[in-house]
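What follows is the residue order along each chain.
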Amino acid sequence: MADILQGLNNPQKEAVTTVEGPVMVIAGAGSGKTKALTHRIAYMIQEGINPFSIMALTFTNKAAKEMKDRIMKLVDPHAARNVWMGTFHSIFARILRIEAQHLGFTPDFTIYDTDDSKQLINAILKERELDTKAYPAKYILHRISMAKSALYTPEDYCNNFEIQQQDLRANKPLVGEIFKSYNNRLQRANAMDFDDILFYTNVLLRDFPEILYKYQQRFEYILVDEYQDTNYAQYLIIRRIAAMRENICVVGDDAQSIYGFRGANIQNILNFKNDYPEQKLIRLEQNYRSTKTIVNAANSVIDHNKDQIKKKVWSDKEEGELITVLRATSDNEEGTLVANSIFGYKMSRQLNNKDFAILYRTNSQSRSIEEALRKQDIRYRIYGGLSFYDRKEVKDLLAYFRVVINPHDEQALLRIINYPARGIGKTTIERLMVVADERQKGIWDVIASETEPMPNDFNSGTVTKLRNFATMIRSFQTLLDKQNAIELAKHICNTVGIIKVLKEDDTPEGVARVQNIEELLNAIMEFSDKQVDEVTGEQNTVTLNKFMEDVALLTDQDKKDDEDDDYVTLMTIHSAKGLEFPYVYIVGLEENLFPGIQSLSTREDLEEERRLFYVALTRAETKLVLSHAESRYRWGNLTLSEPSRFIEEIDPSLIERTKKASFRGTSSFNEGVNFSNPFSKSFQTTREFQKRTTQSDTPYINKSAQKTESSEKFNSSDFNPASPDEIVEGMIVLHQKFGQGRVEKVEGVGPNKKASVFFDECGTKQLMLKFAKLNILKQ
DNA sequence: GATTGTGCCCTTTTT
DNA sequence: GGGCACAATC
């Protein structure tokens, strides 16, 4: 026990040892919040509390996993494993599967992701002949999500005066009706969306006292991480389960509440003391992560917010370096400056790629940064954006699995009924849907029904095709319990012919798709291995079912985390929450981007945006670099931008003032900045750099590369490259960086001539011939 | 019924 | 600058 408390400061110790009763920990950024939580759980286990009776709710799967790993290092790993630890969604989906029959679902209900929901909405709109412009799926889903998070049923929604007024004002009076159909369809498909998981958990705990009692008994101790980001539905679940014993510990920081847009309610944290008058309030205010400069900068920013619990976050680390602000003329130059800066620091300070993170407001900003990093040969990894599980081919295969497990899953069924093509076309599907609707059943019931025959107006060929499809799905279903996940997955894959179809496409994209399918199969295998490992000795077969339960709630964030790999991290600020890096770059600090244009209308929205900036600042341990561009391409056209107000909100004494542009300046702020600072960059380095960019061509050739076109003559004297006209298919060529390769395809004319070259070392690359310097080795 | 072509949105942020 | 829904064509 002594070691568990060792190395903790006093408030942390208090948070760890106050096991009984309601506790709220207000934890400033970097104040050792996770440490307090993990040590608390370890302490509880060591005190003899049954791990099965502890429920710890986190915001992401990743956070849960990390905490579990840390606890396993503190106490008996077997015990640690038994703690109920996970996201709200994963823990309560688990419980809902156990209790599904009470709610009119079966235990293998499907979880619809946003994409499925969107498609379902669009299908409903089509049926009702509503214009998708008047009723954008996104808007409707947002409304529905808000309603569900506030525990409104479709009926509540329609009967609520205020809500109806809002929809009326937005000229969308039918949202409530669409909500009704949407929910009906979900139910018919034996499916829940993300919000339903929380909604139905509440229904379960509200309407079934004996079930509520059961879980109150089981979960004697409740911990909630990131409490500031909980919404009403989550709040009420906690409240209900904790009601009996009130052994509840919530940890959060109001200054880091950044999920208001999806219904998170900051009031939950502010009201904790009303809900639990006996509460003990513990403040963690010492920041162990960052330098004084960084902490003070963050404090000066958050001071501009009106809504906040006043606290004093402080650091007793060194002052540290001032914050650098980079000013670029364009988004591409911003990328270049950031890449150069990283390169400079790496060289001068012996740092690794993984010491750096580049954070941005929106995923779309990653492009220009990526391009620049590639040119500097800096390895990076992007988190978020299109996730692995969002790729089309992955979703297709998963849809097969979904249908096999739950044939009423209509979104999945529609996805695969004619993929790979088996002659079941649009008209057939439309007619099926009509019949299904008449019978108040799903499509599956129509095509698989033994008793009710297919309507006469289907021709016999179509009926055979449908029957064959149904028979195939059924044959998979019989294997569900008999075969383990990976065997069945492979069997489905082969029988259906997905890989065969994909292999017909030998473009780079096609090859990537096959690889993705293989990766998915690997993931299933890994999952199976892990399951066996976890239950020591016990070898329980992992069914596909089991895998699919997990997969719906996985995101990219949770995927492999190769610690040893050396990559610069690129991610949105939202996904960076909870992480820390020595060097942090926050890019795109411009008005209308960060703060975003949509947040400028109300104070609340602007304050959330400011908290987001606060989160970004406080990720840094050693050094912060901010950047903004004066112009930026947004959805195709050039827009001019002012520097963000947030830059000015930082105490100016903490910022290294970049002098107004003097390109020949020989300034020396510090050794690392020579590369990074546009104003200290000598003319020589500029040239040097341009040379690099023109030589090492990548598929990403566009504006920035074109800018350097003027210097091409200057460069080309060094080499003896073939002229673009000479390059034809079948040639063996040599590229400066990619080495030897074979020209597979040439397209375009004149200056736009492009070639696909397969390089032995790095696969196929698209090259713009006017930039790529290729030596012809063999005609 | 499938394949190719065209126009139209779009960009917050995520379980 | 791109992905996706729908339309036109084979």
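Figured I'd write up the structure that's included with this text. (Residues numbered from 1 in each chain as written. Chains lettered and ligands numbered in written order. Predicted model: local features only at pLDDT ≥ 70, side-chain atom pairs only at ≥ 80, totals over all residues. Heavy atoms only, no water.)

Here we take up the sheet that holds strand S14 (residues 620-629). In spatial order, the strands read S11-S12-S10-S13-S14-S9-S17; together these 7 strands make up an open sheet with parallel pairing. Because the sheet does not close on itself, it has two edges, and the strands there are strand S11 (380-382) and strand S17 (655-656). Bridge count between strand S10 (residues 356-360) and strand S12 (residues 568-572): 4 bridges; the pairing is parallel. Across the sheet, residue Ala357 finds its bridge partner in S12, namely Thr569. Packing of helix H18 (residues 331-349) onto the sheet brings it into contact with strand S9 (323-328), S10, S12, strand S13 (581-586) and S14, and relative to S9 it is tilted by some 140°. Taken strand by strand, helix H30 (residues 603-617) contacts S10, S13 and S14, and its axis lies near 130° from that of S14. (Pairing = 2+ DSSP bridges. Helix = DSSP H or I, 4+ residues; strand = E, 2+ residues; numbered from the N terminus. Contact = heavy atoms within 4.5 Å. Axes fitted to C-alpha atoms, helices over the stretch in contact; angles between N-to-C directions.)

Here we come to the side chain of Thr293. As for its placement among the helices and strands, Thr293 is situated in helix H17 (residues 292-302). Within polar-contact distance, the side chain of Thr293 engages the backbone oxygen of Glu319 at 2.5 Å. Apart from residues no more than four positions distant in its own chain, Thr293 is found in contact with Glu319, Gly320, Glu321, Leu322, Ile323 and Leu654. (Polar contact = N/O pair within 3.5 Å; in protein donor to acceptor, adjacent residues only side chain to side chain.)

Turning next to the pattern of salt bridges. Under the counting rule described, the total for this entry stands at 41 salt bridges. Salt-bridge contacts for Asp225 lead to Lys33; the nearest nitrogen and oxygen are separated by 3.3 Å. With a gap of 192 residues between them, Asp225 in the loop between strand S6 (221-224) and helix H14 (232-242) and Lys33 in helix H3 (residues 33-46) connect regions that are remote in the sequence. By relative accessible area, which is 6% here, Asp225 ends up buried. When its relative accessible area of 17% is taken as the criterion, Lys33 is described as buried. The salt bridge partner of Glu127 is Arg185, with a shortest N-O separation of 3.1 Å. Of this pair, Glu127 sits in helix H7 (residues 114-127) while Arg185 is found in helix H11 (residues 175-188), placing the two residues 58 residues apart along the sequence. According to the relative accessible area criterion, Glu127 is partly exposed, its value standing at 43%. Its relative accessible area of 12% is what places Arg185 among the buried residues. Each of Lys33, Asp225, Glu226, Asp229 and Lys577 takes part in one network of salt bridges that share partners. (Salt bridge = Lys/Arg side-chain N within 4 Å of Asp/Glu carboxyl O. Buried < 20%, exposed > 50% of the residue type's maximum accessible area, 1.4 Å probe, protein only.)

Note that all results are geometric; they support no functional claim without further evidence.
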